[in-house]
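Observations on the model geometry
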Amino acid sequence: MLQKEKKRKRDQEKNPSANASLPVTEFKFFPQNVLSRRQGTGLAGGVLFEREHSFALLAPAPECWGHCILCLKHEVATLLEPVPAEAWTSFMIDLQVLCRAVQKATNSTGFQVKQQNGPSGGQTVPQLHFHVLPSFDPSPEERGEGGEETVIAVHEEEEHLKRGRLFASISNALPESYTDGFLLWLEDSSQTEELGQILEENFGHRGTAILLKGQLGAGKSTLARGFIRSFCDNGSLEVPSPSYLLCLSYQKDSGGVSPGGDVEMGDGGPSSSSSMDVSSPKSPRSSVLTAHHMDPFRLKNADKMAGLIDFDCALREHVCLIEWPDKMPTGVMEGISKGLSVSVSGIGTQGLGRLVCIESISEDFSSAKLRAWREKGAPPAPRRDLSGGRGQAGSAPPLSADAPSSSSGGVFSSDASFAVLGIESSCDDTAAAVVRSDGLILSHEIASQKGMHEEFGGVKPDVARQAHAAAIEGTVERCLQAAGVSEGRVALSAVGVTVGPGLSLCLQVGVRHALKTAARLQVPLVPVHHMEAHALVTSMPEVEVEGGPSQGGGPRREPVKFPALLLLVSGGHNMIVYSEGLGRHKVVGTTLDDSIGECFDKVARVMDIKEIPGGPALEKLAASGNPQNASLKAQITMPMQNGPSRLSCNFSFSGLKTSVASLLEKETEKLKRDMMGDGEGGETAEFSESLQRLRADAAAVFQSVSVAFLQQRTRRALEWVREDCRQEGKPFVNALVVAGGVAANKAVRAGLDAVAAEFSIPCLVPPIRLCTDNGVMVAWTALKRLQLGLSKPPPPQQSTDEDIDKLVEVFPRWPIGPCDPRSVVTTSGGKLAAAFTTGKLGLM
């Protein structure tokens, strides 16, 4: 009996969807279900609260507006199984609390509590949970014959924009013992900056510290910009990120400052911290209220921050905005007595808003004010208009419930005809393109660095930077001229630029030129994530997407529809991403060391191939070899078939590369001994021919194993996504999209097309010219982000090179989204799990 139960559990873990045929008595708890994986993820995972015996979240696939789920933490799937009395009592209390919060947040006239048991009862997730579904008084058109209340389904196009506000509203309606602080949903950068202004007006007093927490690209610097512009009473003040200078300081006359009251402010501006004289609490300048904006992210030794300014004076007499406070010296943080903790949720390129949690550091400082905001569900309106009437196209309405909306209503609609310039310089090619909103590519220029890096055996960052610097101006100008921008026939609406991930030295060249171009033309700047651009290029309506053999081959003009599974295979990246659209990505698996493109290049060098990249030449060599060479196949084996990552969707190519190199070295020496003996003569033609056959066979076996490895991990990712979609009631992915330079390899495309066919979905690959890094993908992604108002205002037209340099900010390591916990494997010291949490894997 024990053996039978163990087998049942193994079968269930291998194929959870088999539960669909189980009777309710056999429907058992499965620990890797979609609800369990949300546990412990907090705001980033959509968890409303987590208690000892339960956790609540917004329904992943809501049946109606305000649909929430309460899950029991115990290993129970249905009501037929026993639950400890204490846990059941606590769970029922939590259910009542959730119902009250949902009713208050949605202003519903009623609600339903639904619970399903077993597959035939409609249960898809093998964990005991309850659904809370609000109901509303329907309109006459929606009212049934009996006039009863009905559940109104949420409109799909509104769901993602409204769910953030709903999450914040429900959280604020919960008792403080369930959630901390005040939650707010920010739709775009204009609302983020407005929140910064509101925080300054209400909490920007002497001795206040504002701790800004969140991942790269979350919006911490944007919030700080709003705070400092309000502090200096200058809505057009340039507020650069202090990432490189570590600390920037701003001054104003402190006369008339009072807690929560209006203040008189001067024209304050920034200065580097080294020029500030706050070395003593008794400094004659201590009467001038100063805001210090700090960012220690790039410091390896946090203690260096302690010597920048007199923190004893700054924390007592001035205002401190501290990004990445966890990286500050412990002694400095212990000196903070009052202030706020502002946590911005989200990872990577999130395009549909951010959740912000504001908490008081000290009970007596701001708790009462935050409680009032929480009760009202919104902060007060800003006291001053710092926008100067300039506004931002497509920006969201004001944050305050009382403030009148001045939104422009989305000038950049999807139907409008406008053009965006895209600039790409993340690695070894300089590219620029102008793309129109209907997907038409007006121009595309690439300055290749082919032949520059061969002597180094790979891309050398400083050489690549010099090449970018020499090519960037000419490449962009040719692109603008070819598109008709220079002649005035086409007007640019924005400049998009890759800001990460990539090589820092190279990224800076592109961002610097993009800032100069945006300043010259006075158009918005749109930061673009390199990998999101690869993901979105196949959604362009005018791009011919190549279908594999199972799709009949040839180009397809239908843009990819999301959701889709993206496999990115290039020289710098190797990851599988589940993508639901702009800013909505989840990393299902990534490389733990080398990418497949990097592995191909290194194996090519071992085989005496000089070209950079070496992948195309290696593919040509493999075409003349025998992939069934039994001797070589026994020595070149598929990676990660044992150990903790064997059942994940992660990749590792370092061992494969090493095994090929060792094999070739050993077989080459053996070949020499067999054919040349101990003679000292030169290599014979026969030996050279045999060596070439050996290399060709090794290349063929290596390529075959690499493709099989990609197939295995991609197949598993599709199985995971299919099961998740089944449990959540969501549609399965519409396509497998393969992008990156390695997608040009015919064996890779054929192998992945076969996997896609197993799941009855197409395998789609962009044209070869758009597989590798290019400006088109950057321009198109910038265009889509611009439509959501995700842009930055341009620098002033008269900006100097020094002014521009202060605004350059890049993210060499920048996650595209959160990681699937099933692929987070803890190694010794937990380093791997930490790397996934911070998004530092596979993002070079």
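Just so it is clear, the model here is predicted, and its values are computed rather than measured. (Residues numbered from 1 in each chain as written. Predicted model: local features only at pLDDT ≥ 70, side-chain atom pairs only at ≥ 80, totals over all residues. Heavy atoms only, no water.)

Counting its regular elements, the chain contains 21 helices and 25 strands. Taken over 844 residues, the chain has a buried fraction of 54%. Sequence separation of at least 24 residues holds for 72% of the intrachain contacts in the chain that already meet a minimum separation of 6. Accessible surface, the chain: about 35,000 Å² in total, of which carbon and sulfur atoms supply 50%. (Helix = DSSP H or I, 4+ residues; strand = E, 2+ residues; numbered from the N terminus. Buried < 20%, exposed > 50% of the residue type's maximum accessible area, 1.4 Å probe, protein only. Contact = heavy atoms within 4.5 Å. Areas by Shrake-Rupley, 256 points an atom, 1.4 Å probe, with all protein chains shown as cover.)

Bringing the sheet that holds strand β18 (residues 525–529) into the picture now. The five strands lie next to each other as β16-β15-β14-β17-β18, forming an open sheet whose pairing is mixed. Every interior strand has two partners, whereas the edge strands, β16 (441–448) and β18, have only one. Each adjacent strand pair in this sheet contributes to an overall mean axis angle of 20 degrees, direction not counted. Across five bridges, strand β17 (residues 492–500) lies against β18 in parallel orientation. Across the sheet, residue T498 finds its bridge partner in β18, namely V528. Helix-sheet contacts for helix α9 (residues 461–483) involve β14 (419–424), β15 (429–436), β16 and β17, and the interaxial angle to β15 is about 20 degrees. Helix α19 (residues 775–787) contacts β14, β15, β16, β17 and β18 of the sheet and is inclined by roughly 130 degrees relative to β14. (Pairing = 2+ DSSP bridges. Axes fitted to C-alpha atoms, helices over the stretch in contact; angles between N-to-C directions.)

Attention now moves to the sheet that holds strand β4 (residues 110–114). Think of a sheet as strands paired side by side through backbone hydrogen bonds, with each pair either parallel or antiparallel. Spatially, β1-β2-β3-β5-β4 is the arrangement adopted by the five strands of the open sheet, whose pairing is antiparallel. The sheet is open, and its two edges are formed by β1 (47–50) and β4, each paired on a single side. The sheet shows a mean angle of 20 degrees between the axes of neighbouring strands, direction not considered. The pairing of strand β3 (residues 68–72) with strand β5 (residues 129–135) spans four bridges and is antiparallel. Opposite C68, over in β5, you have V132 as the bridge partner.

Take the pairing of β15 next. When you tally the buried positions in β15, you get six out of eight residues, the bulk of the element. Where β14 and β15 come together, six bridges link them in antiparallel fashion. Residue pairing for β15: V420 is matched across the bridge by V435. Where β14 folds back onto β15 in an antiparallel hairpin, the turn is made up of four residues. Both β15 and β16 contribute to a ladder of seven bridges, which runs antiparallel.

Applying the stated criterion to the full structure yields zero disulfides. Of all cysteine sulfurs in the structure, the one in C64 sits closest to C68, which takes part in no disulfide; the separation is 8.9 Å. You can see C427 has no disulfide; the closest cysteine sulfur is in C506, sitting 6.4 Å from it. Its relative accessible area of 24% is what places C427 among the partly exposed residues. (Disulfide = S-S within 2.5 Å.)

Moving on, we get to the packing of helix α13 (residues 615–623) against helix α16 (residues 685–728). Following both chains from N to C, one finds α13 and α16 inclined at 105 degrees, their axes separated by 7 Å at the closest point. Put simply, α13 runs roughly perpendicular to α16. Where α13 abuts α16, its residues L618, E619, L621 and A622 lie against Q692, R695, A696, A699, A700, F702 and Q703. Residues of the contact of α13 with α16, tallied by class, amount to seven nonpolar, two polar and two charged. (Parallel < 35°, antiparallel > 145°, perpendicular 65-115°, else oblique. Nonpolar A, V, L, I, M, F, W, Y, C, P; charged D, E, K, R; others polar.)

Relative orientation of the contacting elements helix α12 (residues 596–606) and α16 amounts to 170 degrees, with a least axis distance of 12 Å. Between α12 and α16, the interaxial angle falls into the category roughly antiparallel. On the side of α12, the interface is formed by I596, C599, F600 and V603, while α16 contributes F702, Q703, S706 and L710.

Shape descriptors only; they carry no functional weight alone.
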